[in-house]
Amino acid sequence: MANEFEIQLEQGKKEFGRMRHLELPRQPLGFFPTPLHELANLGKVLGGPRIFIKRDDQTGLAFGGNKTRKLEYIIGAALAEGADTLITAGAIQSNHCRQTAAAAASLQLPCHLVLGGAAPEIANGNLLLNQLLGAQIHWAGDNRKGEDIPQLAQKLRSEGRKPYIVPYGGSNELGATSFVEALCELDNQTIAMQIEFDHIVFASSSGGTHAGLTVGKKLLKKYYQLTGIAIDKVGTADKPFIQQVVELANSTARFLDAEHQFTADELHLNKNYTGAGYGEIGEAEKEAIRLTAQYEGIMLDPVYTGRAMAGLIDLIRKCVFKKGEFVLFWHTGGAPALFEYAKHLQTM
Ligand SMILES: *Cc1c(COP(=O)(O)O)cnc(C)c1O
């Protein structure tokens with residue numbers, strides 16, 4: 001017999017099921033649902049709550065990651081428009097660019113990546129993968145946020161192509177919608193396992209994951225606290241990052257015909273773990289990567305998940321996450337970047 005919780009959840013899902021996302025074109029790119037399992041050794045050694053992990057590092061698209069979910073809707077839209085070329089931008093070790101390049105390869109579409117900085121002597125990590133995946137790389141120097149894209153798109157159009165610009169980090173309403181749906185996926189799994197989470201912790205950087213989970217939580221009427229661990233000291237736009245997430249949550253809710261207006265105080269973004277800034281690995285990230293590897297055999301990454309797990313560990317040590325609670329760590333991928341950080345991580 002269904003308990004009250006299950007009835008509520010079914011209502012939430014029905015609501016979501018009436019929404020627009022089901023009519024959206026969607027290009028299958030990954031393997032879903034991604035696994036959900038407990039990190040029993042890590043839970044034991046930290047001596048706090050039970051810790052579980054959602055394995056979006058296992059989406060199957062060229063080493064996986066959270067961008068696979070977003071790209072299913074974004075590339076679905078691109079193909080529906082008749083696009084024949086993909087363009088996106090990111091940092092030199094962008095996981096988003098690598099997953100876009102892999103998706104493009106699987107669909108046999110040309111892919112142009114506008115990367116910040118200049119070509120290094122040796123391509124490693126995600127950059128190496130981008131080359132192997134056949135992406136065309138454009139070095140943008142200080143134009144790190146895709147400022148050069150309009151010009152590139154214009155050039156491609158003049159050559160007769162139909163380019164589609166994949167937004168930075170895949171963070172628009174389509175990308176966020178994939179994380180509304182990811183929460184439905186999670187709920188099916190937690191019902192089967194007969195568990196309920198008190199906290200969900202994840203890395204937050206371009207905001208699509210955070211915004212989507214926020215809308216999903218509201219629609220499914222859930223009570224867990226979502227804790228985004230901020231990765232960057234500053235937002236990607238010229239406004240506070242939290243404001244960016246609130247705006248995306250609101251536009252995503254509108255996009256799905258959901259009636260809710262979010263405010264910044266409903267969202268929880270923890271900015272205590274940004275260390276020396278984006279991509280700068282510190283002792284906390286190194287410890288989180290080692291603990292997760294050595295107690296669970298699972299690889300985190302130096303930029304996003306290592307930082308988010310470092311936050312989770314610290315929040316356990318500070319007894320913010322308590323014994324008896326259930327905490328979910330959403331693994332958003334990124335491990336290919338580990339190799340670029342060998343100098344910082346090697347023990348010899
Ligand atoms: C992009 C990314 C994130 C952040 O997700 P957003 O939706 O951009 O906030 C987290 N972890 C990894 C590994 C990523 O590549």
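Counting starts from 1 at the beginning of each chain's written sequence and moves along it residue by residue. Local features are withheld for residues below a pLDDT of 70 in this predicted model, meaning they are given only at 70 or higher, and side-chain atom pairs are given and counted only at 80 or more; totals for whole chains, interfaces and linings count all residues. In computing side-chain properties, one takes all heavy atoms of the structure into account and sets aside hydrogens as well as water.

A.B. asks: Hey, could you run me through the overall build of the protein in this one?
C.D. replies: The numbering of helices and of strands both runs from the N terminus, where a helix is a DSSP run of H or I of at least 4 residues and a strand a run of E of at least 2. The helix and strand inventory of the protein stands at 12 helices and 10 strands. Taking 348 residues into account, the globule formula puts the C-alpha radius of gyration at 20 Å, and the protein, at 20 Å, falls close to it. Dimensions of the protein along its principal axes, counting C-alpha atoms only, are 60 × 55 × 35 Å. Buried, partly exposed and exposed residues are distinguished by accessible area as a fraction of the type maximum, computed with a 1.4 Å probe on protein chains only: under 20%, between the cut-offs, and over 50%, respectively. Looking at the protein as a whole, 57% of its 348 residues qualify as buried. Within the protein, counting contacts between residues at least 6 apart in sequence, those at least 24 apart form 79% of the total. Counting 35 positive and 38 negative side-chain charges, the protein places the averaged centre of each group 2 Å from the other. Within these notes, the globule rule equals 2.2 Å times the number of residues to the 0.38 power, and the radius of gyration is based on C-alpha atoms. Whether two residues are in contact is decided by their heavy atoms, any of which lying within 4.5 Å being enough. Asp and Glu are treated as the negative residues and Lys and Arg as the positive ones, with His and the ends of the chain left uncounted. A single reference atom marks each charge: NZ on Lys, CZ on Arg, CG on Asp, CD on Glu.

A.B. asks: Could you clarify how one ought to interpret the site of the ligand in this entry?
C.D. replies: Residues in close proximity to the ligand total 16 residues, the closest being Lys67, Lys70, Ser206, Thr209 and Thr332. Polar contacts here mean pairs of N or O atoms no more than 3.5 Å apart (in protein, one a potential hydrogen donor and the other a potential acceptor; neighbouring residues in sequence count only if both atoms are side-chain atoms). Asparagine 66 has a polar side-chain atom sitting 3.0 Å from an oxygen atom of the ligand. Within the side chain of threonine 332, one N or O atom sits 2.6 Å away from a nitrogen atom of the ligand. All accessibility values rest on the Shrake-Rupley procedure with a 1.4 Å probe; residue burial counts only the protein chains present in the view. In isolation the ligand has 380 Å² of accessible area, and contact with the protein removes 97% of it. One can see that the ligand is located within the largest pocket. In these notes, residues near a molecule or strand are those with any non-hydrogen atom within 4 Å of it. Using a grid of 1 Å spacing that covers the protein atoms alone, one calls a set of points a cavity when a 1.4 Å probe fits there but cannot get out, and a pocket when the set is open and has protein on both sides within 12 Å along at least five of seven lines; lining residues are those with an atom within 4 Å of a point. Molecules are considered to sit inside a cavity or pocket once more than half of their atoms lie within 2 Å of its grid points.

A.B. asks: What am I meant to see in helix 4 (residues 95-107) here?
C.D. replies: Residues that lie three or four places apart on an α-helix share one face, since the helix turns once every 3.6 residues. With 13 residues, helix 4 should cover 18 Å at 1.5 Å per step; its first-to-last C-alpha distance of 18 Å lies within 8% of that length. Residues Asn95, His96, Cys97, Arg98, Gln99, Thr100, Ala101, Ala102, Ala103 and Ala104 constitute the buried set of helix 4. In this fold, the buried residues of helix 4 make contact with helix 3 (67-80), strand 3 (85-90), strand 4 (111-115) and helix 5 (125-132). Measuring from the backbone nitrogen of histidine 96 back to the side-chain oxygen at the start of helix 4 gives 3.2 Å, which picks out serine 94 as the cap. At the exit of helix 4 stands glutamine 108, carrying a positive phi of roughly 60 degrees. One less than the number of residues in a helix, times 1.5 Å, gives the span that helix is expected to have.

A.B. asks: What exactly am I supposed to notice about unusual backbone geometry here?
C.D. replies: In most cases, non-glycine residues show a negative phi, while peptide bonds are predominantly trans. For the peptide bond that leads from phenylalanine 32 to proline 33, omega is 0 degrees, which places it in the cis range. Even without glycine at this site, aspartate 257 takes up a positive phi of about 60 degrees. A positive phi angle, near 60 degrees, is found at cysteine 319, a position not held by glycine. Inspection of the secondary structure assignment puts cysteine 319 in the loop between helix 11 (305-317) and strand 10 (326-331).

A.B. asks: Help me understand the layout of surface pockets, please; the structure alone is not making it clear to me.
C.D. replies: One simple way to see leftover space: roll a probe sized like a water molecule over the atoms. Grid points are joined across faces, edges and corners, and a volume is the space filled by probe spheres set on the points. In this structure, the largest pocket encloses a volume near 910 Å³. What lines the largest pocket is a set of 45 residues, among which Ala91, Gln93, Tyr278, Val303 and Tyr304 lie closest to the centre. When residues of the lining of the largest pocket are traced back to their parent elements, those giving at least two are helix 3, strand 3, helix 4, strand 7 (199-204), helix 8 (208-220) and helix 12 (342-345). Gly counts as polar in this scheme, as do all residues outside two lists: the nonpolar Ala, Val, Leu, Ile, Met, Phe, Trp, Tyr, Cys and Pro, and the charged Asp, Glu, Lys and Arg. Counted by class, the lining of the largest pocket contains 12 nonpolar, 24 polar and nine charged residues.

A.B. asks: Would you mind showing me how to read helix 11 here?
C.D. replies: When the terminal C-alpha atoms of helix 11 are compared, their 18 Å separation across 13 residues agrees well with the 18 Å that a helix rising 1.5 Å per residue should span. Burial runs high along helix 11: 12 of the 13 residues are buried. Every buried residue belonging to helix 11 is among Thr305, Gly306, Arg307, Ala308, Met309, Ala310, Gly311, Leu312, Ile313, Asp314, Leu315 and Ile316, and all of these are buried. Immediately beyond the C-terminal end of helix 11, within one or two residues, lies cysteine 319, with a positive phi of roughly 60 degrees.

A.B. asks: I tried to follow the nonpolar core on my own but got confused; where do I start?
C.D. replies: Soluble globular proteins tend to bury their nonpolar side chains together. To define a nonpolar core, start from buried Ala, Val, Leu, Ile, Met, Phe, Trp, Tyr and Cys residues and group those joined through side-chain atoms within 4.5 Å. One finds Leu86, Leu113, Tyr164, Leu174 and Val215 to be the most contacted residues of the largest nonpolar core, which totals 44 residues. Sorting the residues of this core by element identifies helix 3, helix 4, strand 4, helix 7 (173-193), helix 8 and helix 9 (241-255) as the ones contributing at least two each. With seven residues, the top contributor of residues to this core is helix 9. Domain extents, as shown, originate in an automatic or database domain assignment. Both domains that meet at this core, namely domain 1 (4-64 + 172-345) and domain 2 (67-170), each give it at least three residues.

A.B. asks: Help me understand the domain arrangement of the protein, please; the structure alone is not making it clear to me.
C.D. replies: Interface size is commonly expressed as the accessible surface area that is lost when the partners come together. According to the domain assignment, the protein consists of domain 1 (4-64 + 172-345) and domain 2 (67-170). Computed from C-alpha coordinates alone, the two centres of domain 1 and domain 2 are separated by 24 Å. Each partner contributes residues to the interface: domain 1 has 38 residues there, and domain 2 has 32 residues. A simple way to read buried area is as the amount of 1.4 Å-probe accessible surface that goes missing from two parts once joined, with both sides added. The largest share of the area that domain 1 buries against domain 2 comes from Gln27, Leu29 and Leu61, three residues that together contribute 20% of it. Each salt bridge in this description consists of a side-chain nitrogen of Lys or Arg and a carboxyl oxygen of Asp or Glu lying within 4 Å of one another. At the junction of domain 1 with domain 2, the criterion picks out three salt bridges. Notably, a salt bridge pairs glutamate 185 with arginine 69, separated by 2.9 Å at the nearest N-O pair. Inspection of the domain 1/domain 2 interface yields 15 residue pairs in polar contact (both at pLDDT 80 or more).

A.B. asks: Even after reading the chapter, I still don't get the sheet that holds strand 8 (residues 225-230), so can you show me in this structure?
C.D. replies: What links the strands of a sheet is backbone hydrogen bonding, and the strands pair in either a parallel or an antiparallel sense. Taken in spatial order, the six strands make up an open sheet running 1-2-10-7-8-9, and their pairing is mixed. What marks the edges here is a single partner per strand, and that holds for strand 1 (36-38) and strand 9 (269-270). Bridge count between strand 7 and strand 10: three bridges; the pairing is parallel. Bridging across to strand 10, histidine 199 finds its partner in valine 327. Packed onto the sheet, helix 11 meets strand 2 (50-55), strand 7, strand 8, strand 9 and strand 10 and runs at close to 170 degrees relative to strand 10. At least two DSSP bridges between two strands are needed for those strands to be called paired. Simply put, an axis is a line fit to the C-alpha atoms, just over the touching stretch for a helix, and the angle between two N-to-C directions goes from 0 to 180 degrees.

A.B. asks: Would you mind showing me how to read the pattern of salt bridges here?
C.D. replies: When the charged atoms of two side chains with opposite charge come close together, those side chains can pair. This model, assessed by the stated rule, comprises 15 salt bridges. Ionic pairing is found between aspartate 84 and arginine 161, a salt bridge with its closest N-O pair at 3.7 Å. Linking aspartate 84 in the loop between helix 3 and strand 3 with arginine 161 in the loop between helix 6 (149-158) and strand 6 (163-165), this pair joins segments that are 77 residues apart in sequence. Look at aspartate 84 and you get partly exposed, because its relative accessible area is 23%. Arginine 161 sits in the partly exposed class, given a relative accessible area of 32%. Between lysine 286 and glutamate 283 there is a salt bridge; the shortest N-O distance is 3.4 Å. One end of the pair, lysine 286, and the other, glutamate 283, are both in helix 10 (residues 283-296), three residues apart, so they sit about a helical turn from each other. In this structure, a network of salt bridges that share partners links the residues Lys54, Asp56, Arg69 and Glu185.

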